[in-house]
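Inside the fold
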Amino acid sequence: MPSLFSGYRLGGLALPNRTVMAPMSRVRAAAGGLATPSMATYYAQRATAGLIVTEGVQPSRVGQSNPGTPGLHTDEQTDSWRQVTDAVHTNGGRVFAQIMHGGRVSHHETTGLQPVGPSAVPGEGDVFTPSGPQPLPVPRALETGEVQEHVQSYADAARRAVDAGFDGVELHGANGYLISQFLSSNANLRDDRYGGSVANRIRFAVESAAATAEAVGASRTGVRLSPGGGIWGVREDDAAELNTALLTELARLDLAYVHLEGTADEDVLLQLRRAWPGTLIVNPTVPGGPKQTGRAEADHWLGLGADLIAFGRGFLANPDLVERLRSGLPLAPVEENTFYQGGDAGYITYPAYQHTA
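What comes next is a walk through the structure. (Residues numbered from 1 in each chain as written. Predicted model: local features only at pLDDT ≥ 70, side-chain atom pairs only at ≥ 80, totals over all residues. Heavy atoms only, no water.)

Below, the discussion takes up the environment of L113. Topologically, L113 is positioned in the loop between α3 (108-111) and β6 (116-117). A C-alpha to C-alpha distance of 19 Å links L113 and Q181, two positions 68 residues apart in sequence. L113 has contacts with R61, V62, H107 and H108, leaving out every residue within four places of it along the chain. (Helix = DSSP H or I, 4+ residues; strand = E, 2+ residues; numbered from the N terminus. Contact = heavy atoms within 4.5 Å.)

Here is the structure:
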């Protein structure tokens, strides 16, 4: 079994260990979706990770889910990210941008636009808006001729990401956002080539990954999935069949990796490991769950065939997580009230472990 602290070759990158900082929304971007100096500090503090995947970055205005999130669809946004990538690289790290189109998980108060989705079916729950939480609105169903515009938005954002100095990108195909909505058996009620059968419902994900790989290279393109996750009311009634079919098609693209969240039973995830011949990142803990992924969960999944292990809350509260795990040091707890409040507190104020005499 590989060690969590052994090196790994990911495309053109030599990772010094097998830890991945999972993407986590922190809504600290400046007006206009710009990255900030505090964001540069936040990611640079965590550069000992084998790989950092940023918070979700919207590829278009209509793709923005929440206020305070960063973008990669204007020149000013692209320029603003260079301070982040420079800081991470100066500290010896590697960083991918997660490209996240919210689809129906958005609100006109945030973007000035009606959200779009595969079908005119609203998600479940409330979304953050500038005036506070609001019920998810009914999205506008994309016409068949419009779908390619949103496929290309991932590729266009990926080009901007590489221009801004990122080592690659991860397409957010998980957690009920646009790619996940197309995969879904209840958010996608289409009767064209993007809906109905499993082969049709995976088409948007495959085309988005293919367009991105063509734009920046397959070795710089990863995809994140949450099999059967059920987030924002998205359902996958046939999660094992659906995701096996998807991974079979994605395997033809020779992507950098697939990143699976622990949202399905272990036997389903192991079936998907068998279906995916390339690098597999596993994020063992279900999103929103109370438990931080620790060394035991990491070793368990490395033993089951994962290549890299993603840590969310652990990296949030422990900028030196790799060293704490290596040395068996206690992990600091997260301050949940600071997740989305803005400002530097609970963002760049978590200290490294203090050794006492």
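Strand order in the closed barrel formed by eight strands is β3-β4-β5-β10-β11-β12-β13-β14, with parallel pairing between adjacent strands. The sheet shows a mean angle of 25 degrees between the axes of neighbouring strands, taken without regard to direction. One ladder, built from four bridges, connects strand β5 (residues 95-99) with strand β10 (residues 168-172); its direction is parallel. Directly across from Q98, in β10, lies its bridge partner E170. Helix-sheet contacts for helix α7 (residues 203-216) involve β10 and β11 (221-225), and the interaxial angle to β11 is about 155 degrees. (Pairing = 2+ DSSP bridges. Axes fitted to C-alpha atoms, helices over the stretch in contact; angles between N-to-C directions.)

Along β5, five of the five residues are buried, which leaves the element largely enclosed by surrounding structure. Burial along β5 is two-sided: V95, A97 and I99 facing one way and F96 and Q98 facing the other are all buried. One ladder, built from four bridges, connects strand β4 (residues 51-57) with β5; its direction is parallel. Looking at β5, one finds that I52 is bridged to V95. Remark: the β4/helix α2 (residues 75-90)/β5 crossover connection has right-handed handedness. (Buried < 20%, exposed > 50% of the residue type's maximum accessible area, 1.4 Å probe, protein only. Right-handed = clockwise from strand over helix to strand, strands pointing away.)

Glancing now at the environment of E124. Following the sequence through the fold, E124 ends up in the loop between β6 and β7 (126-127). Remark: the alpha-carbon pair of E124 and L136, spanning 12 residues in sequence, is separated by 6.6 Å. When residues no more than four places from it in sequence are discounted, the contact partners of E124 are L136, W232 and G233.

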